[in-house]
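# Topology and contacts: notes
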Amino acid sequence: MYQFTEDCRIGIPEIDEEHKKLFQMVNEAFALLAEPSATVVGVKNLVLALKKYAATHFIHEEAYMDEIKDPELPRQKKEHEQFKEKVNEVDLEALNDENGKEVLTELLEFLSRWLYHHILGLSLIHISEPTRP
């Protein structure tokens, strides 16, 4: 399981809560995959919810960065696009009980690593800056 630790906080409460929620969603999907009775449909639904929540979060994060004229915004947008591309390249509809768990495990491993590094990168950028309202 992946932990949302203090070093993941960037000091913006709304964004920190959204990041924490993304970690929770990834962990829920991993937990579901580990259950012997888990169905691919259940895991796909969690991945779809994660995808939708991430898209909403990206909008909030980019709007905030635009509002404060953050020079890292273009890099953030590029990273967000990479996330979307990776999620969209997996044809969730084509997954079944034979191939689904393996494909979804690989996707979740990618997403969790991406998320952790993405958030840590943000926290390093903002750690030396004063907390903004």
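Up top is the structure these notes are about.
Here's a quick rundown of the structure.

The subject of this paragraph is the side chain of His 19. In this fold, His 19 is placed in helix α1 (residues 13-34). Classification of His 19 by relative accessible area gives buried; the value is 0%. A distance of 2.9 Å separates a polar atom in the side chain of His 19 from a polar atom in the side chain of Glu 61.

Once that is clear, we can look at the packing of α1 against helix α2 (residues 40-67). It is at 10 Å that the axes of α1 and α2 come closest, and there the two elements cross at 165°. One finds that α1 runs roughly antiparallel with respect to α2. Pair α1 / α2 crosses with left-handed handedness. Class assignment of the residues belonging to the contact of α1 with α2 gives a composition of 13 nonpolar, four polar and six charged.

With that settled, consider the nonpolar core. The nonpolar side chains of soluble globular proteins are, as a tendency, buried together. Val 47, Leu 50, Phe 83, Leu 104, Leu 108 and Leu 115 are the most contacted members of the largest nonpolar core, which has 31 residues in total. Not counting the four nearest positions on each side in its chain, Leu 50 is found in contact with Leu 22, Met 25, Val 26, Leu 108 and Leu 111. The next biggest cluster of nonpolar side chains, apart from the first, holds six residues, and it includes Ile 10, Ile 15, Tyr 64 and Leu 73.

Thresholds applied
Residues numbered from 1 in each chain as written. Predicted model: local features only at pLDDT ≥ 70, side-chain atom pairs only at ≥ 80, totals over all residues. Heavy atoms only, no water. Helix = DSSP H or I, 4+ residues; strand = E, 2+ residues; numbered from the N terminus. Buried < 20%, exposed > 50% of the residue type's maximum accessible area, 1.4 Å probe, protein only. Polar contact = N/O pair within 3.5 Å; in protein donor to acceptor, adjacent residues only side chain to side chain. Axes fitted to C-alpha atoms, helices over the stretch in contact; angles between N-to-C directions. Parallel < 35°, antiparallel > 145°, perpendicular 65-115°, else oblique. Left-handed = near helix turned anticlockwise from the far one by under 90°. Nonpolar A, V, L, I, M, F, W, Y, C, P; charged D, E, K, R; others polar. Core = buried A, V, L, I, M, F, W, Y, C linked by side-chain atoms within 4.5 Å. Contact = heavy atoms within 4.5 Å.

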